[in-house]
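# Descriptive analysis of the structure
Residue strings, one per chain:
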Amino acid sequence: MLDFPTWKKTWLWLLTAIAIFAALPSLASLSGQRWPDALPDPMVNLGLDLAGGSHILLEAEQSQVAAQRLENMEEAVRGAMRQAEPRIRIGDVSTANGRLSFMLDDPSDIDRARELLLPMVNGTGLIREWDLQVMDGNRIVLNQTQAGLDQAVTDAMDSATEVVRKRIDALGTREPTIIRQGDTRIVVQVPGLEDPEALKALLGQTARLEFKLVDQTALPTDVAEGRAPPGSEIFPYAEGTASEGQFLAVRRLGGIRGDNLVAAQQSFDPQNNEPVVSITFDQQGGARFAQLTTENVNKPFAIILDDKVLSAPNINEPILGGSAQISGGFTVDTANNLAISLRSGALPVDLAVIEERTVGPDLGADSIRKGMIAMLIGTVAVVVLMIATYGRFGVYATIALAINVLMILGIMAALNTTLTLPGIAGFVLTIGAAVDANVLINERIREERKRGRRVVAAVENGYKEASRAIYDANVTNFIAGVLLFLFGSGPIRGFAVVLVIGLFTSVFTAVTLTRMWVAGWLRRTKPKDILL
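### What to know about the packing of helix 13 (residues 436–450) against helix 15 (residues 491–525)
In contact at an axis separation of 8 Å, helix 13 and helix 15 are set at 45° when each is read in the N-to-C sense. The pairing of helix 13 with helix 15 is recorded here as oblique in orientation. Every pair of crossing elements has a handedness; the one defined by helix 13 and helix 15 is right-handed. Residue-level inspection shows Ala437, Asn438 and Ile441 of helix 13 in contact with helix 15, the latter providing Ala510, Val511 and Thr514. Broken down by class, the residue content of the contact of helix 13 with helix 15 amounts to four nonpolar, two polar and no charged.

### Focus on the sheet that holds strand 16 (residues 323–326)
With antiparallel pairing, three strands are arranged side by side in an open sheet as 12-13-16. Bordering the open sheet on either side are strand 12 (261–268) and strand 16, each of which pairs with just one other strand. Averaged over all adjacent pairs, the angle separating strand axes in this sheet is 25°, with direction ignored. One ladder, built from seven bridges, connects strand 12 with strand 13 (residues 275–281); its direction is antiparallel. Looking at the pairing, Gln265 lines up with Ser278 of strand 13. In the packing of helix 8 (residues 283–295) onto the sheet, contacts are made with strand 13 and strand 16, and the angle to strand 13 comes to roughly 110°.

### Digging into empty space enclosed by the protein
Considering all chains together, one arrives at one cavity of 30 Å³ or more under this definition. Of the volumes computed, that of the largest cavity is approximately 30 Å³. In this structure, the largest cavity is lined by Phe393, Tyr396, Asn438, Asn442, Tyr463, Thr514 and Val518. Elements that contribute at least two residues to the lining of the largest cavity include exactly helix 11 (392–414), helix 13 and helix 15.

### Topic: helix 14 (residues 455–487)
Relative to the 48 Å expected for 33 residues at 1.5 Å per residue, helix 14 spans 47 Å between its end C-alpha atoms, a close match to the ideal helical length. The axis of helix 14 is deflected most strongly, by about 30°, at Ser467. Those residues of helix 14 not exposed but buried are Val455, Ala458, Val459, Asn461, Gly462, Tyr463, Ala466, Ser467, Ile470, Asn474 and Gly481. In this structure, the buried residues of helix 14 make contact with helix 13 and helix 15.

### Some points on the side chain of Asn461
With respect to the element layout, Asn461 can be found in helix 14. In this structure, Asn461 is in contact with Arg444, Glu448, Arg453 and Ala466, ignoring residues within four places of it in sequence.

### Focus: the sheet that holds strand 3 (residues 99–103)
The three strands lie next to each other as 3-5-4, forming an open sheet whose pairing is antiparallel. With partners counted over all chains shown, the strands left at the sheet margins are strand 3 and strand 4 (130–135), one partner each. With direction set aside, neighbouring strand axes in the sheet form an average angle of 15°. In the packing of helix 3 (residues 62–83) onto the sheet, contacts are made with strand 3, strand 4 and strand 5 (139–144), and the angle to strand 3 comes to roughly 25°. Its contacts with the sheet put helix 4 (residues 110–122) on strand 3, strand 4 and strand 5, and the angle it makes with strand 4 is roughly 170°.

### Thoughts on the nonpolar core
One finds Met412, Leu419, Phe427, Ile445 and Val459 to be the most contacted residues of the largest nonpolar core, which totals 52 residues. Secondary structure elements with two or more residues in this core: helix 1 (6–30), helix 10 (361–390), helix 11, helix 12 (421–434), helix 13, helix 14 and helix 15. Counting 23 residues, the second-largest nonpolar core is a separate cluster that includes Ala264, Ile279, Phe301 and Ala335.

### Details of the pattern of salt bridges
Going through the model one piece at a time under the given rule, you end up with 14 salt bridges. Residue Asp109 is joined to Arg112 by a salt bridge in which the shortest nitrogen-to-oxygen separation is 3.3 Å. Of the residues examined, Arg112 reaches a relative accessible area of 29% and is grouped as partly exposed. We note a salt bridge from Asp222 to Arg227, for which the minimum N-O separation is 2.6 Å.

### Points about helix 11
Residue pairs spaced three or four apart in an α-helix point in one direction, given the helix's 3.6 residues per turn. Taking 1.5 Å of rise per residue, the 23 residues of helix 11 would be expected to cover 33 Å, and the 33 Å separating its terminal C-alpha atoms lies within 8% of that figure. With its phi angle positive at about 60°, Asn416 sits one or two positions after the end of helix 11.

### A closer look at the packing of aromatic side chains
Each aromatic ring pair is summarised here by two numbers: the centre-to-centre distance and the angle between the ring planes. Scanning the entire structure with this criterion turns up seven aromatic pairs. Summarising the aromatic geometry, the rings of Tyr396 and Trp517 are spaced 6.1 Å apart at their centres and angled 50° between planes, so their arrangement reads as tilted. Taken together, the residues Tyr396 in helix 11 and Trp517 in helix 15 connect sequence positions 121 residues apart. Trp517 carries the same exposure label as Tyr396, and that label is buried. Among the aromatic residues, those joined into a cluster by ring pairs are Trp13, Phe393, Tyr396, Trp517 and Trp521.

### Observations concerning the environment of Asn122
Along the polypeptide, Asn122 turns up in helix 4. When the C-alpha atoms of Asn122 and Leu486 are compared, they prove to be 34 Å apart, with 364 residues separating the residues in sequence.

### What to know about unusual backbone geometry
The peptide bond linking Glu85 to Pro86 adopts the cis configuration, its omega dihedral lying at -10°. Inspection of the secondary structure assignment puts Pro86 in the loop between helix 3 and strand 3. The phi dihedral of Asn298 falls on the positive side, at around 70°, and the residue is not glycine. By the secondary structure assignment, Asn298 is in the loop between helix 8 and strand 14 (301–305). You can call Asn298 exposed: its relative accessible area is 55%.

### Observations concerning the environment of Gly481
Relative to the elements of secondary structure, Gly481 occurs in helix 14. Its relative accessible area of 0% is what places Gly481 among the buried residues. Along the chain, Gly481 and Glu129 lie 352 residues apart, while their C-alpha atoms are 40 Å from each other. Once you skip the residues sitting within four places of it in the chain, Gly481 turns out to touch Ala496, Leu499 and Val500.

Thresholds applied
- Residues numbered from 1 in each chain as written.
- Predicted model: local features only at pLDDT ≥ 70, side-chain atom pairs only at ≥ 80, totals over all residues.
- Heavy atoms only, no water.
- Axes fitted to C-alpha atoms, helices over the stretch in contact; angles between N-to-C directions.
- Helix = DSSP H or I, 4+ residues; strand = E, 2+ residues; numbered from the N terminus.
- Parallel < 35°, antiparallel > 145°, perpendicular 65-115°, else oblique.
- Left-handed = near helix turned anticlockwise from the far one by under 90°.
- Contact = heavy atoms within 4.5 Å.
- Nonpolar A, V, L, I, M, F, W, Y, C, P; charged D, E, K, R; others polar.
- Pairing = 2+ DSSP bridges.
- 1 Å grid on protein atoms, 1.4 Å probe; cavity = no way out; pocket = protein on both sides within 12 Å on 5 of 7 lines; lining within 4 Å.
- Points joined across faces, edges and corners; volume = space filled by probe spheres on them.
- Expected span 1.5 Å × (residues − 1).
- Bend = angle between axes of the 7 residues up to and from the residue.
- Buried < 20%, exposed > 50% of the residue type's maximum accessible area, 1.4 Å probe, protein only.
- Core = buried A, V, L, I, M, F, W, Y, C linked by side-chain atoms within 4.5 Å.
- Salt bridge = Lys/Arg side-chain N within 4 Å of Asp/Glu carboxyl O.
- Phe/Tyr/Trp six-rings, centres within 6.5 Å; stacked < 30°, edge-to-face > 60°.

None of this, on its own, says anything about what the molecule does.
In structure tokens, the structure reads:
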């Protein structure tokens, strides 16, 4: 066990040097020094509690998911009945009381209609999403099942979480924390961002873009009083537009949504040099947009964002290129934020901010300073105790301890992980735990010497026998650390990351490196006794 050939020593020192080098940019940053731009700069990201930043708790409205499912099902039912051969004619579709019902003009079509609807109500999963009933011989009623609604809410929240992540990534922030909390909540923590208002504006924007035909049969007086013709609905104009304060009636069905966008970016209108958002559809969306504009030349259509009308231009000619331009009294910043939201995708459900707080950088700096003081005090106490108790072997343990801390920092930087306040606590804990292995080894060597073994044999057996207990203890701690990371969140995960990394580095430094140093010392000096 004490045999270390040259290639092995070279490999161990190289591995140690790489890990220490990875820690240097983070150390330079913490000390206020500039790291050379020409060199690699892996950095440990500071968490919200250390770097400051914004914390926001978002909550979704579950009833909105149910309403959206009803609208989607209504449009699917109308399309299926219209495309049937021969066509199945239906009366007005009702969505009252959270259920969808409609009557057939010809009761003899009931079986055909039922067959068309069965694949739609059963869905593609293992749960039944809708209950289908036939009433009075010619009325079909569709009710959402609770299992189907629960699954829809789960899917909507998963999608919303991913959309939120894309939007925050577009801001260029590092290591945001975005996690689900419960059934309808999302926790967002963005270190280094001290403007919660900008974050709320970005995350609170649903970015649900729709193009709907204007209902030209609606009377202005009825629209002003909130009365829409059958099959239409009323939306207000957005703030900042020329028609702010007015309302517009649009056809509820038959438009297209912005789900098929592939690009959105802020640009300028060449005619008046005002900020606009240029959008591009994919092939399917472009075809639908071309069909809508081709079939409705010389008719106005409304561009609606989050249930507010941005503009209602006239379709002068078919738009066949799959590209369009959105205007609405934007500034450069608001147009850019809208472009980010559209590129990230629309939120499937509105998210309301129910909790927010901002952590200042001063608090984080104070935490780092106090954490460093605690680490320094702990380190000095451990170093004094180890050297006083084990002499040369205590010096080896002290050097291994310093390398251990640097390697933890370097590995965290290489993995782009985040250091939180509990992570600093993990560092402090590591200082004590890291020398535990050396205590076991040195005490075992003492026992071997008391039994009369020679120096080399005592050292060899000491490392061999103590390593078993060290590995067993660290495997147990590793399991605990993994469970903390998997089932914990936020601060608990920050602690678990340092704990797990520290387990590997402490075994490497306290067992492997010290054994290499002790072996080299024994070969050089060949002592007849050791002071332990």
